[in-house]
Amino acid sequence: MANLSGNAAYYVAAILIGAAVGLVGSAFHLGVDALAHGWPSFLDHTLGLDGVALYAAAAVVAAVMALVALWLVRRFAPEAAGSGVPEIEGAMEGLREVHWRRVLPVKFFGGLLALSSGMVLGREGPTIHIGASIAKGVSDLMGWTARDMRGLLAAGGAAGLAAAFNAPLAAVLFVIEETRRQFPYSARTYIAVVLSSIASAIATESITGNVPFMLLVVPDVPMGMYPLFVLLGVILGAVGVGFNRTLVWSLDTVRRIGLRWSFYIFPAVVGLVVGVLVFALPEATKGGEILAVELAKEGRPLGILALIVLLRFTMTMASYSTGVTGGIFAPILALATTIGLCYGTAIDTVMPLPEHGLQALAIAAMGGLFSATIGAPMVGVVLVMELTGSYGILVPVLLTTIFANMVAQWLGGRPIYEILLDRTLALEAQASETPPAAPAPSPAAAQPQEAR
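To keep things clear, this report deals only with the structure shown in the data block.

What counts, and where the lines are drawn
Residues numbered from 1 in each chain as written. Predicted model: local features only at pLDDT ≥ 70, side-chain atom pairs only at ≥ 80, totals over all residues. Heavy atoms only, no water. Helix = DSSP H or I, 4+ residues; strand = E, 2+ residues; numbered from the N terminus. Rg over C-alpha atoms; globule rule 2.2 N^0.38 Å. Buried < 20%, exposed > 50% of the residue type's maximum accessible area, 1.4 Å probe, protein only. Contact = heavy atoms within 4.5 Å. Areas by Shrake-Rupley, 256 points an atom, 1.4 Å probe, with all protein chains shown as cover. Lys, Arg positive; Asp, Glu negative; His and termini not counted. Charge placed at Lys NZ, Arg CZ, Asp CG, Glu CD. Phe/Tyr/Trp six-rings, centres within 6.5 Å; stacked < 30°, edge-to-face > 60°. Lys NZ or Arg CZ within 6 Å of the ring centre and 35° of its normal. Salt bridge = Lys/Arg side-chain N within 4 Å of Asp/Glu carboxyl O. Polar contact = N/O pair within 3.5 Å; in protein donor to acceptor, adjacent residues only side chain to side chain. 1 Å grid on protein atoms, 1.4 Å probe; cavity = no way out; pocket = protein on both sides within 12 Å on 5 of 7 lines; lining within 4 Å. Points joined across faces, edges and corners; volume = space filled by probe spheres on them. Nonpolar A, V, L, I, M, F, W, Y, C, P; charged D, E, K, R; others polar. Patch = residues over 30% accessible without salt bridge, like charges linked within 9 Å, V, L, I, M, F, W, Y side chains within 5 Å. Axes fitted to C-alpha atoms, helices over the stretch in contact; angles between N-to-C directions. Left-handed = near helix turned anticlockwise from the far one by under 90°.

## A short note on the overall build of the chain
Part 1: A tally of regular secondary structure across the chain gives 17 helices and zero strands.
Part 2: By the compact-globule yardstick of 22 Å for 452 residues, the chain fits well, its C-alpha radius of gyration being 21 Å.
Part 3: Overall, the chain is about 65 × 60 × 45 Å in size when its C-alpha atoms are taken along their principal axes.
Part 4: Classification of the 452 residues of the chain by burial places 58% in the buried group.
Part 5: If you take every contact in the chain between residues at least 6 apart in sequence, the share linking residues at least 24 apart comes to 85%.
Part 6: Of the roughly 17,300 Å² that the chain leaves accessible, carbon and sulfur atoms contribute 69%.
Part 7: In the chain, which carries 24 positive and 28 negative side-chain charges, the distance between the mean positions of the two groups comes to 9 Å.

Below you can see the structure in the form of structure tokens.
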């Protein structure tokens, strides 16, 4: 009876965590949308700026937002930098600590500024970290064991992903597949993850509605197209490995710049560039969920699509390397969509594709690049299905996703969050071996500045 009572309390806590994360995540989502549209509209329509004056003002505003976002992270919660997913995985493994009191406000307000500035970052990283932080606060309040606490961290993180994309099933699979090394699997913890994801989805749907966030319904495609999806997966497997290696190289390069001069130089430059691009070339800014759907429906020329791929790849690397809070799920999905459209458009010039074939390749590419970078193929498949509603092309998406994963592994690729966690731990060990030249910093400043 005591065990039954304990399970009931645990499940109620998971439900309450999920509902809270859904509400906070939806507030974060709506806040980012409002601010991201609000400040450009104020400069353009309210102030009536145009030409050089408009670009200059936008550059200054975006740079200030980026710098304030970075200052919040570096001053109060350095572990809130980046997506936060490696931090949660590290905490579930007992290697990191979730300082929820400082992470919650920094992740929310820092993420609000960073994403609204126009940088190519996703909202799912902040909401996952926010969800796990809420779960940690509840666990501390209840005084649960380390195992139960880690189970709730997973539940809170899953709720955060469900809130970001209204994708509860993908959120549950994310815990099972992505955190398979760290998740303390038992009936109690597994049920808690499911309940928390459901509660988050219900809370999110009550605010934002029950429409897929990237609605792009495509009916089934002819089986004769299946080899094209396999080849697309092979290409994306190589792209994913290159994406991960370039991201780590970018982080290391920007860190060297920061150590030599200032950690605020590069983010200021990125902010200035992003501010101009918000008006000059908006396709190269923001997370890209809406852009991906628009591109799939518009049918732009191959040259323009290739330019967008190059710009978004570059801006994703630059934005994430600044050290502000923000995720990479959404940028990966938008980049993948554009690569899929490039691939399909190139094929269509020599061999006409069937109706909806181009859109089907774009959707399948999302799962393929996600699998090659994140290393979670089934999460990629289900996430794409829930995001787009295109359940009719499940088999083609599976083909692209699994072949991308196979090629990435064959090329020696590793999941990006695993790489980032190892990097954070290595930097922390390196910092502990170097005797400080100045008085001991505050507890927040003592955390490694590149915890991503």
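## Remarks on the packing of aromatic side chains
For any pair of aromatic rings, the description consists of the separation of the ring centres together with the inter-plane angle of the planes.
Part 1: This structure, assessed with the given rule, holds ten aromatic pairs.
Part 2: Residues F28 and F108 carry aromatic rings whose centres are separated by 5.6 Å and whose planes lie at 65° to one another, so their mutual orientation is edge-to-face. With F28 in helix α1 (residues 2–46) and F108 in helix α4 (residues 100–116), the pair connects residues that are 80 residues apart, well separated along the chain. Note on accessibility: F28 and F108 belong to one class, buried.
Part 3: In textbook terms, an aromatic cluster arises when at least three aromatic residues are bridged by ring pairs, as seen for F174, F329, F370 and Y417.
Part 4: Residue placement shows R74 over the ring face of F263; its charged tip is 3.9 Å from the ring centre.
Part 5: Its guanidinium or amino end placed over the ring of Y10, R188 lies 4.2 Å from that ring's centre, counting from NZ or CZ.

## Focus on the pattern of salt bridges
Part 1: Inspection of every chain in the model, using the stated rule, returns 13 salt bridges.
Part 2: A salt bridge links R300 to E298, with the shortest nitrogen-to-oxygen separation between them at 2.7 Å.
Part 3: Since its relative accessible area comes to 41%, E298 is described here as partly exposed.
Part 4: Among the ionic contacts, a cluster of salt bridges with common partners joins E87, R96 and E428.

## Topic: the side chain of T285
Part 1: In this structure, T285 sits in the loop between α10 (265–280) and α11 (289–298).
Part 2: By relative accessible area, which is 3% here, T285 ends up buried.
Part 3: For T285, the side chain forms a polar contact with the main-chain oxygen of P282, separated by 2.8 Å.
Part 4: For T285, the contacting residues outside a window of four places in its chain are G118, V120, V274, L277, V278 and R312.

## Here we look at empty space enclosed by the protein
Gaps left between atoms are located by rolling a probe of water-molecule size over the structure's atoms.
Part 1: Summed over the entire model, instances satisfying the criterion amount to two cavities of 30 Å³ or more.
Part 2: Lining the second largest cavity, in full, are V85, I88, E89, M92, I128, L153, A154, G157, A158, F174, V175 and T179.
Part 3: If you list the elements that add at least two residues to the lining of the second largest cavity, you get α3 (85–92), α6 (146–165) and α7 (168–178).
Part 4: Its residues placed into classes, the lining of the second largest cavity shows nine nonpolar, two polar and one charged.

## Side note on a nonpolar patch on the surface
Part 1: A contiguous nonpolar surface patch, about 390 Å² in accessible area, is contributed by M378, L394, L398, I402 and M406.
Part 2: No other element matches the four residues that helix α16 (residues 394–410) contributes to the nonpolar patch.
Part 3: Topologically, L394 is positioned in helix α16.
Part 4: Note on L394: relative accessible area 36%, which makes it partly exposed.

## Here's the deal with the packing of helix α9 (residues 226–260) against α16
Part 1: Across the interface, α9 lies against α16 with an axial gap of 7 Å and an inter-helix angle of 35°. Crossing of α9 over α16 shows right-handed handedness. Judged by residue contacts, Y226, F229, V230, L232, G233, V234, L236, G237, A238 and V241 of α9 engage V395, P396, L399, T400, F403, A404, V407 and A408 from α16.
Part 2: Looking at side-chain class alone, the contact of α9 with α16 contains 15 nonpolar, three polar and no charged residues.

## Some thoughts on the side chain of N405
Part 1: By the secondary structure assignment, N405 is in helix α16.
Part 2: Within polar-contact distance, the side chain of N405 engages the side chain of Q409 at 2.7 Å.
Part 3: If sequence neighbours within four positions are ignored, N405 has contacts with S371, G375 and P377.

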